[in-house]
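Report on the structure
Now for the letters of each chain:
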Amino acid sequence: MKLVQGNQLSQLGGKLMALVPSPQWLDTGNNAWQLAAATFVGLQSIPGLTVLYGGIVKKKWAINSAFMAFYAFASVLVVWVLFDYNMAFGEQWFPFLGKPGLATSAAFTTGQATVPAAAAGMPALTFPMATLIFFQFVFAAITVIILAGSVLGRMNFSAWMIFCPVWMTLVYTVGAFSLWGGGWLAGMGVADFSGGYVIHLAAGTSGFMAAWMIGPRLQADRDHFPPNSLLMTLVGAGILWLGWNGFNGGDPYFANADAGAAVLNTNTCTAVALLVWTLLDKMAYGKPSVLGAVNGMIAGLVAITPAAGYVDGLGAIAIGVVAGIIPWLAMNKLQKTSFMMKVDDTLSVFSTHGVAGLTGGLLTGIFANPAMLMYIGTDKEAPGVNVTGLLYGNPGQLLLQAEGAAFIIVYNVIATYIILKVISFIVPLRMDDATLKVGDDAVHGETAYAIGTEGE
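Right, let's walk through the structure included here. All values derive from a computational prediction rather than experimental measurement. (Residues numbered from 1 in each chain as written. Predicted model: local features only at pLDDT ≥ 70, side-chain atom pairs only at ≥ 80, totals over all residues. Heavy atoms only, no water.)

What about the pattern of salt bridges?
- All told, the structure shown has 7 salt bridges when counted by the stated rule.
- One salt bridge in this structure joins R217 and D344, with 2.7 Å as the shortest N-O distance. Pair noted here: R217 is in the loop between α7 (196-214) and α8 (219-223) and D344 is in the loop between α12 (313-332) and α13 (349-367), with a separation of 127 residues, a long-range link.
- Owing to a relative accessible area of 8%, R217 belongs among the buried residues under this scheme.
- Residues joined in a network through salt bridges with shared partners are R154, R217, R222 and D344. (Salt bridge = Lys/Arg side-chain N within 4 Å of Asp/Glu carboxyl O. Helix = DSSP H or I, 4+ residues; strand = E, 2+ residues; numbered from the N terminus. Buried < 20%, exposed > 50% of the residue type's maximum accessible area, 1.4 Å probe, protein only.)

Here it is in structure tokens:
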């Protein structure tokens, strides 16, 4: 065999065979951006939330909290390629679920990406299925990792090991297919650009239900739970913020103008929410809090997520203002009422993800600007793909957003309850009190720091 590099021809058996690096449908720029965006989103979990959790909890829970995130990332990927991907993005099986099936074959992973039930409403994708599978995996993984924030400091790790793959299979896939895979909510016209409902509202509601079922931390931990490393928390928060560029910037599936607008809107909204939250902390408590700023940052990131490519810059600023106020009130007022305090939501995921995701989803129904085109149409008969909100003459969109949120909330609460109830018959959901007093060393035989034996 003789290889002629100049014209990429190889002589084999007397015949000339042209070699091309990729099929005609593959756009290397779009493929590169989707892979990069997916990596940014993966970094939000590993190491982003891993070190954020490890730093924000009491010293004795640093390893356990970080390990919960690390384990979730790995366990989700395994079930994702075995059957969950096709349940979320495959051929329709039910109006809310795709057909389970392997996503592993050479033909499937290297073939052209498509979302069968949603393909009619979007351009042909220009990267391989493997890229899409991995891109959607990192979204799935961070959802259950966010959920973990509600149950840090007491959930039995054995129960967590069972819960992650089961919840992913029975809960996440339903929301993902319904809204992104071409399911019934998508058919109705409910809009969720990048996961305000599929990820954050789901994690917030399921996490709250899990926190209630598992029970609270030791009272001593609830009363005194200082972060063991605020600097480590800020490192995780910074990775989370910039990683969100892949979160929202990757969701048009093309490196197009809408991707750029989504990235800009994401950062604008987040900055505004952080400033508003910090101002409210200063007014309410007399001091600006760095933990408050982190929570404001997260609320802004979450609230813009369902709207990122659908709103303009002023819409992003408006959502940032509201995201700095409503979740702040939820965390600092609502979750501190005697009724809500019965549930020990360790990191207030209910407020920063559940309430913020719901807020952003509803505001999408108000601020979505039809001039923000996700995909450009070819003529007047096909003007492009966009969403029109209340401010632009479509009050029905707000109602649709409320209906979509109601489904996600109700389904997540019921399904999470059933899953944890079944797991409780196999292993305890909560560690025993003796283990809770010691923390990491009792659970894993490891501690975060070599100095000291017990401490805050």
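What about the nonpolar core?
- Among the nonpolar cores identified, the biggest contains 127 residues, and W80, V144, W160, F163, Y172 and Y253 are the most heavily contacted of them.
- A per-element tally of this core places helix α4 (residues 129-148) first, with 15 residues.
- Leaving out residues up to four positions away in the same chain, F163 has contacts with V144, L147, M155, T416, I419, L420 and I423. (Core = buried A, V, L, I, M, F, W, Y, C linked by side-chain atoms within 4.5 Å. Contact = heavy atoms within 4.5 Å.)

Points about unusual backbone geometry
- I46 connects to P47 through a cis peptide bond whose omega is 15 degrees.
- Its location among the elements puts P47 in helix α1 (residues 28-56).

Considerations on a nonpolar patch on the surface
- A cluster of nonpolar residues, W212, V410, I414, Y417, I418, V422, F425 and I426, forms a patch on the protein surface that exposes about 860 Å² of accessible area.
- It is helix α14 (residues 396-424) that contributes the most residues to the nonpolar patch, 5 residues altogether.
- For F425, a relative accessible area of 66% translates into the label exposed. (Patch = residues over 30% accessible without salt bridge, like charges linked within 9 Å, V, L, I, M, F, W, Y side chains within 5 Å. Areas by Shrake-Rupley, 256 points an atom, 1.4 Å probe, with all protein chains shown as cover.)

What about the packing of aromatic side chains?
- This structure, assessed with the given rule, holds 25 aromatic pairs.
- Taking the centre distance of 5.6 Å and the plane angle of 10 degrees together, the rings of F94 and F96 count as stacked.
- Overall, F96 belongs to the partly exposed group, its relative accessible area being 33%.
- Seen in terms of ring centroids, F407 and Y411 are 5.9 Å apart; in terms of plane orientation they differ by 15 degrees. Their pairing is stacked. (Phe/Tyr/Trp six-rings, centres within 6.5 Å; stacked < 30°, edge-to-face > 60°.)

Focus on the side chain of T173
- Assignment of secondary structure puts T173 in helix α5 (residues 157-179).
- A residue is classified by how much of its surface remains accessible, and T173, at 0% relative accessible area, is buried.
- Here T173 is in contact with D84, M87, A88, F96, L97 and M168, once residues within four sequence places are set aside.

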